[in-house]
Amino acid sequence: MPNAAALKLFGPEIWIAQGPTVTAAASFQYPTRMAVIRLSSGGVVIWSPVALSDALRAELGALGEVRYLVPPNSLHHVFLSEWQKAYPDAKVHAPPGLRDKRKDIRFDGDLDDTSIADWAEDLDLAIMHGNRITIEVVFFHRKSGTVLFTDLVQQFRPGWFKGWRAVVARLDLMTGTEPAVPRKFRLAFTDRRAARAALQTILAWPAENVLMAHGEPVLGTGREFIRRAFRWLE
Ligand SMILES: [Fe+2]
């Protein structure tokens, strides 16, 4: 039987891929997901790259030239060096805080509020400033109406965590009935005014779907879901 495809079509010009589980602080296990977006100008953007496999590499080869590697916050950078080695011509733009953390990575620019010309037709972004844990760059892919959150919105299936970690995850709102902003992130928003400004931008996007690095996608009710998920911030 042939191996299952590494890339799964998610919408027009956007694919997702599941990566292996990674171990975070206090040995919490996280499933990982990345997204691949094909630009109108040609070439593809890799959002939140997971471990690079031969299968992934082969399937990406059929989609187009890998032009950008996007670590969307200062926490999702673990696999960046292997991707940069495999795709040395791909540009890497740094999210806030990552340059200091990864001196070994060659950054070609920064992810800031000015749109990258190559993306302008396809992607919008909003930077959720004001958080002590990480400042996340949230993306909107126009063709599929998809908002991409990394760690700001999460959901783990019941039973994913065991023992004391299950208790901590529940208290942190990581295992609720729908994806949510974990409590630790809510508490870490020390500048809520800055965060609200980004949220206004995000809520203005005609969002149908929401992708996240840790959790199943929300389909069809994107904007209403985002409004609910961030009600505590209003
Ligand atoms: Fe994460």
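Structure first, text after, so check above.
Residues numbered from 1 in each chain as written. Predicted model: local features only at pLDDT ≥ 70, side-chain atom pairs only at ≥ 80, totals over all residues. Heavy atoms only, no water.

Caption draft 1: Examining the layout of surface pockets more closely. In this structure, the largest pocket encloses a volume near 650 Å³. Looking at the largest pocket, it is lined by 29 residues, and the ones nearest its centre are Ala24, Tyr30, Leu75, Asp151 and His214. Those elements giving two or more residues to the lining of the largest pocket turn out to be strand 2 (14-23), strand 3 (29-38) and helix 5 (183-188). If one sorts the elements of the lining of the largest pocket by residue count, strand 3 sits on top with three residues. When its volume is computed, the second largest pocket comes out at roughly 210 Å³. Residue lining of the second largest pocket: Gln18, Pro31, Arg33, Gln155, Phe156, Arg157, Pro158, Trp160, Gly176, His214, Gly215 and Glu216, and that is the complete set. (1 Å grid on protein atoms, 1.4 Å probe; cavity = no way out; pocket = protein on both sides within 12 Å on 5 of 7 lines; lining within 4 Å. Points joined across faces, edges and corners; volume = space filled by probe spheres on them. Helix = DSSP H or I, 4+ residues; strand = E, 2+ residues; numbered from the N terminus.)

Caption draft 2: Region of interest: the coordination of the iron ion. Those donors, His76 (NE2), Asp151 (OD) and His214 (NE2), are the protein atoms that reach the iron ion, and they lie 1.9 to 2.1 Å from it. Ordering the donors of the iron ion by residue number gives the pattern H-x74-D-x62-H. Of this pair, histidine 76 sits in the loop between strand 5 (66-70) and helix 2 (80-86) while aspartate 151 sits in the loop between strand 10 (146-149) and helix 4 (163-171); the two residues are 75 residues apart in sequence, bridging distant segments of the chain. (Donors = N, O, S within 2.8 Å, 3.2 Å for Na, K, Ca; no water.)

Caption draft 3: The arrangement of the environment of valine 45 in detail. Here valine 45 shows up in strand 4 (residues 44-47). For valine 45, a relative accessible area of 2% gives the class buried. Residues valine 45 and leucine 69, 24 residues apart in the sequence, show an inter-C-alpha distance of 6.1 Å. (Buried < 20%, exposed > 50% of the residue type's maximum accessible area, 1.4 Å probe, protein only.)

Caption draft 4: Region of the structure containing the sheet that holds strand 8 (residues 123-128). The four strands lie next to each other as 8-9-10-11, forming an open sheet whose pairing is mixed. If you trace the sheet from one side to the other, it starts and ends with strand 8 and strand 11 (209-212), each paired once. On average, adjacent strands in this sheet sit at an angle of 20° to one another, irrespective of strand direction. Bridge count between strand 8 and strand 9 (residues 136-141): six bridges; the pairing is antiparallel. Across the sheet, isoleucine 127 pairs through a bridge with valine 137, a residue of strand 9. Its contacts with the sheet place helix 6 (residues 192-204) against strand 8, strand 9 and strand 10, and it is angled at close to 160° to strand 8. Against the sheet, helix 7 (residues 222-229) engages strand 10 and strand 11, with an angle of about 55° to strand 11. (Pairing = 2+ DSSP bridges. Axes fitted to C-alpha atoms, helices over the stretch in contact; angles between N-to-C directions. Contact = heavy atoms within 4.5 Å.)

Caption draft 5: Layout of the pairing of strand 2. Where strand 1 (residues 8-11) lies against strand 2, three bridges are found, and the strand directions are antiparallel. Within the sheet, the bridge partner assigned to leucine 9 lies in strand 2 and is tryptophan 15. Two successive antiparallel strands, strand 1 and strand 2, enclose a turn made up of two residues, where glutamate 13 displays a positive phi of approximately 65°. Bridging between strand 2 and strand 3 involves eight bridges; their strand directions are antiparallel. Bridge pairing in strand 3 places tryptophan 15 opposite valine 36. Between strand 2 and the antiparallel strand that follows it, strand 3, lie five residues; alanine 26 among them carries a positive phi value of about 55°.

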